[in-house]
Each structure stands twice: as structure tokens, then as C-alpha cells.
Amino acid sequence: LDNQIDVKLSYPEKATPGSKVAVTINLKSAKEKKPHAGEVTLWLVDQAVLALGKEQRLDPVPDFITDVASRLISRDTRNDVIGEIPFSENLGGDGEGELEEEADLLDKVTVRRDFRAVPYFNPSITIPASGSATITVQLPDNLTNFRLRAKAVSGSERFGVGTGMIAVRLPLIVQPALPRFVRPGDEFIAVGIGRVVDGPGGTGSAEVRTNGIKAMGATTFKIDWKPNEPQRVELPVQVMAPVYDDRGNLTNTEVLF
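The following paragraphs examine the structure supplied in this document. (Residues numbered from 1 in each chain as written. Predicted model: local features only at pLDDT ≥ 70, side-chain atom pairs only at ≥ 80, totals over all residues. Heavy atoms only, no water.)

Let us now look at the sheet that holds strand S2 (residues 14-15). One open sheet accounts for five strands, arranged S2-S8-S7-S4-S5; its pairing is mixed. Only two strands of the sheet have a single neighbouring strand rather than two, namely S2 and strand S5 (120-127). As paired elements, strand S4 (residues 38-46) and S5 share six bridges and run antiparallel to each other. Along S5, the bridge assignment pairs Val40 with Ile125. (Pairing = 2+ DSSP bridges. Helix = DSSP H or I, 4+ residues; strand = E, 2+ residues; numbered from the N terminus.)

This is the structure:
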């Protein structure tokens, strides 16, 4: 206990994409429970990344306090005539490598663009003598669970680690149900399916905006949101004649719910 320090992280358990959250770091000695100054490395990482493999040990104390032991290694080198042969990976195929995957069409129209597996990493956060410091973290647009990891040092002989999790959620999501291909003059029903993801339901509204498409009805709707019950928003539309910009490029046709 003389070489350990308690690291406590205070933060909101839930947040929305793109929001700013405050993370408070508190350091106390594990034995006396008194505030201590120190230095902390803090980072957030997507839970999906940690699921790809086994996470390394976070507690730094064993790296500094080790058992003193004597070891003897015996090795027979009489058969090492050639020596070590480095392993060379054979990729196979024609040697050209795989072609880069084409970008998804949705990447060009999605509103949320900031997706990062590690949205925050700070290798050196100074903790004053009060034992507490607060930092602000800007979250990306990921809808996931971010794991908090903190390693702390206080003086030359106290070390500690702290963990946590922030769930990033949207309380309401809408999924469009649109035809993949249309021609000028076509008429179809633009459908958006909304549902409550987090929290209670209630009275709400929906709006549909179009670009290059003519709305053939009211574009605003009143909706009674209910948990675990999808709600449909339907709007008859007609595809207009193609519109070109000054350079002769065809402009986008969009339906936004």
C-alpha cells in the first residue's frame, strides 16, 4: 500500500455524439487516503478496439516493484550452423497487393463525419497538491462505449491506475427507406423510420427537406414517440429534371429527415 495511489475518475456515464464532457481526476494515497499531487496519463479508447485482443496490464506497480531472483539459462548452440533465419511473410497473389476499398456512398452525404477510435490521449496531466484536476474531452461522432484509462504517478514511489466507461448514445435515430435508383419524372414515397433508442417517449415532430425532388404533401409531421415502437414518416415526392452547376456537373438529389 505504501507504493500505491488510488485514482478516481468522475465523469457523466452517458453523453451524445460530438458533445464535450468533463472528466475529474482525484488522487489519494491508498493507505492514508490523503490527497496527493502527481502526474496522470489519460486516454479514451473505443470498446470495440479493446475487443480485438487482450488488453495489457494497466497496473504499473509490478513494473517498478519486482521480486529479486537469480536465474540460470542453459543453451546448446552446437547445431546453430546457419544461425537465425528471419521470418519473411509471403503475401501471395500477384504481388500487387489488395486494391483500396472504394469509399462508401454514404460518406459523401452523412452529417456525422468525425469517427475516431481514440478520441483523447494526454500523456501528462499535472495534478496539484489538492489531489484533483478537471479536463474537458471533446467526443467524436461514434455511437459506442468509450473506455477510460488512466495511469498515475505521485512522487517517485507511488503509482496507480483508474478505469471507467462513457456510453455515447443518440436518444432518437431515423433510418431512411428510399429506392436505390430513380429517373426524372418518377414518383415514389420517401419513408423515414424513427425509433427511440434511449430514454422515454413523448410528443414530438418530424420534418423532411428535399433537394432536387418535389415534395407532394406536407413536410412536417406530429409524432407520438413510444419506446420500442418504430414510427414511420411518409412523404410522396417527384423527381425533378436534372440540374447542373456552372461546371456542368450534376447536382445531388437528397432527402433529409
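Once that is clear, we can look at the environment of Val196. Mapped onto the elements of the fold, Val196 is located in strand S10 (residues 187-196). Note on Val196: relative accessible area 11%, which makes it buried. C-alpha of Val196 to C-alpha of Leu172: the two residues are 24 residues apart in sequence and 4.7 Å apart in space. Residues within four places of Val196 in sequence aside, it is in contact with Pro171, Leu172, Trp225, Lys226 and Pro227. (Buried < 20%, exposed > 50% of the residue type's maximum accessible area, 1.4 Å probe, protein only. Contact = heavy atoms within 4.5 Å.)

The side chains of a regular strand alternate between the sheet's two faces. Where strand S9 (residues 172-177) meets S10, six bridges bridge the pair, whose relative direction is antiparallel. In the sheet register, Ile173 faces S10, and the bridge partner there is Arg195. Judged from the eight bridges that link them, S10 and strand S15 (residues 231-239) form a sheet pairing that is antiparallel. Note that in S15 the partner of Ala190 across the bridge is Leu235.

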